[in-house]
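Architecture at a glance
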Amino acid sequence: MTKQEMHDQILALVREYCEQYHQEKPWHKGDRIPYASRVYDHEEMENLVDSALEFWLTSGRYVNAFETQLANYLGVRFASVVNSGSSANLLAFMTLTSPLLGERRIRRGDEIITVAAGFPTTVSPIVNYGAVPVFVDVTIPQYNIDVTQLEAAYSPRTKAVMLAHTLGNPFDLKAVKAFCNKHNLWLIEDNCDALGSTYTIDGKEYFTGTIGDLGTSSFYPPHHMTMGQGGAVYTDNPLLNKILRSFRDWGRDCVCASGEDNHCGHRFDGQYGELPKGYDHKYVYSHFGLNLNITDMQAAVGCAQLKKFPGFVKRRRENFDRLKNALSDIQDKLILPETEKNSKPSWFGFLMTCQEGIDRKKIVPYIESKGVQTRMLFAGNLIKHPCFDEMRKSGTGYRVVGSLANTDRIMKDTFWVGVYPGMTEEKLDYMVQVIHESVRQ
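Residues numbered from 1 in each chain as written. Predicted model: local features only at pLDDT ≥ 70, side-chain atom pairs only at ≥ 80, totals over all residues. Heavy atoms only, no water.

1. Structural notes on the side chain of Thr235
Residue position: Thr235 is located in strand 9 (residues 231-235). From its side chain, Thr235 meets the backbone nitrogen of Asn237 in a polar contact 3.1 Å long. Among residues more than four places away in sequence, those in contact with Thr235 are Val76, Arg77, Phe78, Asp213, Leu214, Leu240, Asn241 and Leu244. (Helix = DSSP H or I, 4+ residues; strand = E, 2+ residues; numbered from the N terminus. Polar contact = N/O pair within 3.5 Å; in protein donor to acceptor, adjacent residues only side chain to side chain. Contact = heavy atoms within 4.5 Å.)

Take a look at the structure:
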């Protein structure tokens, strides 16, 4: 048997194994319905094993293919994969601290406008670097930044806006982008919960994550697509792409791919810093970087997922619409989510906020007891968490605009359920039944 024949036989067995042992079990009423889950078939498993058989364990041909395909899907020039969505946010932020950006670089003590109603890794790169997050309230039922407060949040130290599209619902990109343009600010779109969402500006439709200077994605299993762990940063700006690749790849100045030497043709004749002239360019460092790369096996799974991705987005929208239509009769009990104007979300979940007189502490345990998994809107109000204790007590390290009244209400009254593409109509209808029961008990 030749090597190719053995290879093909192995993949044929993988396909057979997947179809026999990885089929979703039939669901019965009362069985657990998770808020999110992987949706995959034999293609992901075959790609994974194909990569493993090659045994190129670091970034290789599948990484190159995934980066190209993701950039093509989004309509941007550059996409770079990393080992998580959190790393993607860290990399996007650190890119804007590079000395190569001159006076526009973010320095310690500079301010970054963001929100407290969200996931902490949108904010942690700001805090960990030593910049100052400026927290603005959000609106209900869009759950995104209240753009009427942007000017109040601005100061001479403001350098950027870093915001997530909450559970797939785009924030008001037209207003935020105009604000950034007016004050010459960077815009980072945390797109980890919104891959596939679109927003229309001046008659042109864009994918979220591509309107700002940098966009980020996560490929953790609950997200819109998965490769186990993983993330990406994307941009149309060649300089930002050069910088982020440097930060991702140990901070090096060299652009050679793994296993490649002397791509530029000047490996031993350059002058860098105070190094001896001709010092090996592969070991010249222009930033204090990290290794945030993924394995080729992860990207192999991602390539198969990306082929299915438009179908995932379609199903998420259908599931969201089914829930909203079926729950429209209890809007006196629960505030249902509203789509941001000019947008077409790729929904990550279905957010609900309890009306006055409805106690989340009673209805959420009831819903969970019936097998329907729920989630809070992540941190609720991030500055109320223990990680902010020292800063809150000292009154330094962050700034708040206004009262954050809606953020506090979300912390107290908001929860959500899933709309992932593996949901069946039977599951969705059962979820509707349980939510109706919870508010009528």
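2. What to know about the pairing of strand 12 (residues 349-354)
Across a regular strand the side chains alternate sides, sitting on one face of the sheet and then on the other. Of all 6 residues making up strand 12, 6 are buried, and the element is well covered by its neighbours. Where burial is concerned, the two faces of strand 12 agree: the one with Gly349, Leu351 and Thr353 and the one with Phe350, Met352 and Cys354 are both buried. Two elements, strand 10 (residues 334-335) and strand 12, share 2 bridges in a ladder whose sense is antiparallel. Following the sheet pairing, Leu334 is matched in strand 12 by Cys354. The pairing of strand 12 with strand 14 (residues 414-418) spans 5 bridges and is antiparallel. When the sheet's bridge partners are listed, Met352 is paired in strand 14 with Phe415. (Buried < 20%, exposed > 50% of the residue type's maximum accessible area, 1.4 Å probe, protein only. Pairing = 2+ DSSP bridges.)

3. A look at the nonpolar core
Ranked by internal contacts, the top residues of the largest apolar core, which has 31 residues, are Ile113, Ile145, Val161, Leu163, Phe171, Val176 and Leu187. Listed by contribution, the elements that provide at least two residues to this core are strand 2 (111-115), strand 3 (132-136), helix 6 (150-153), strand 4 (158-164), helix 7 (173-183) and strand 6 (198-201). Not counting chain neighbours up to four residues away, the residues in contact with Phe171 comprise Asn144, Ile145, Leu163, Ala164, His165, Val176, Leu187, Glu189, Tyr199 and Glu340. Ile33, Leu334, Ile363 and Val432 belong to the second largest nonpolar core, which has 29 residues in total. (Core = buried A, V, L, I, M, F, W, Y, C linked by side-chain atoms within 4.5 Å.)

4. Quick notes on the environment of Ser51
Summarising the element assignment, Ser51 is placed in helix 2 (residues 42-54). Expressed as a C-alpha distance, the spacing of Ser51 and Val301, which sit 250 residues apart in the sequence, is 9.3 Å. Among all residues touching Ser51, those that are not within four sequence positions of it are Trp56, Tyr62, Asp296, Met297 and Ala300.

5. As for the environment of Phe171
Positionally, Phe171 belongs in the loop between strand 4 and helix 7. You can call Phe171 buried: its relative accessible area is 0%. Between the C-alpha atoms of Phe171 and Gln355, which are 184 residues apart in sequence, the distance is 23 Å.

6. Some points on the sheet that holds strand 1 (residues 78-82)
With respect to topology, 8 strands assemble into an open sheet ordered 1-9-8-5-4-2-3-13, the strand pairing being mixed. Two strands lie at the open edges of the sheet, namely strand 1 and strand 13 (399-400), each paired on one side alone. For strand 4 and strand 5 (residues 186-190), the ladder comprises 5 bridges, and the chain directions are parallel. Counted as the bridge partner of Ala160 is Trp186 from strand 5. With respect to the sheet, helix 4 (residues 85-95) is in contact with strand 1, strand 2, strand 4, strand 5, strand 8 (214-218) and strand 9, its orientation differing from that of strand 8 by roughly 165 degrees. Packing of helix 8 (residues 238-248) onto the sheet brings it into contact with strand 1, strand 5, strand 8 and strand 9, and relative to strand 1 it is tilted by some 15 degrees. (Axes fitted to C-alpha atoms, helices over the stretch in contact; angles between N-to-C directions.)

7. As for the confidence of the model for the protein chain
For the protein chain, per-residue confidence averages 96 on the pLDDT scale, and 100% of positions sit at 70 or higher. Mean pLDDT across the elements of the protein chain ranges from a minimum in helix 11 (residues 389-394), with 90, to a maximum in strand 5, with 99. (pLDDT = per-residue confidence, 0-100.)

8. Thoughts on the pairing of strand 8
Counting buried residues along strand 8, 5 of its 5 residues qualify, which places the element largely inside the surrounding structure. Burial of strand 8 is two-sided: the residues Leu214, Thr216 and Ser218 facing one way and the residues Gly215 and Ser217 facing the other way are all buried. Note: strand 5 against strand 8, 3 bridges, orientation parallel. Counterpart to Asp190 in the pairing with strand 8 is Thr216. Here strand 8 runs beside strand 9; their pairing, made up of 4 bridges, is antiparallel. Counterpart to Ser218 in the pairing with strand 9 is Gly231.

9. Digging into the sheet that holds strand 10
Sheet architecture is open: 3 strands sit in the order 10-12-14, paired in antiparallel fashion. At either end of the open sheet lies a strand with only one pairing partner, and these are strand 10 and strand 14.

10. Section: the pattern of salt bridges
The full count for this structure, using the stated rule, is 28 salt bridges. For Glu19, the salt bridge identified is with Arg15, shortest N-O distance 3.2 Å. Here the residue Glu19 and the residue Arg15 both occupy positions in helix 1 (residues 3-21), the gap between them amounting to 4 residues, near one helical turn. On the basis of relative accessibility, which here comes to 39%, the residue Glu19 falls in the partly exposed class. We classify Arg15 as partly exposed; its relative accessible area is 38%. Through salt bridges with shared partners, a single ionic network connects Asp41, Glu43, Glu44, Lys307 and Lys308. (Salt bridge = Lys/Arg side-chain N within 4 Å of Asp/Glu carboxyl O.)

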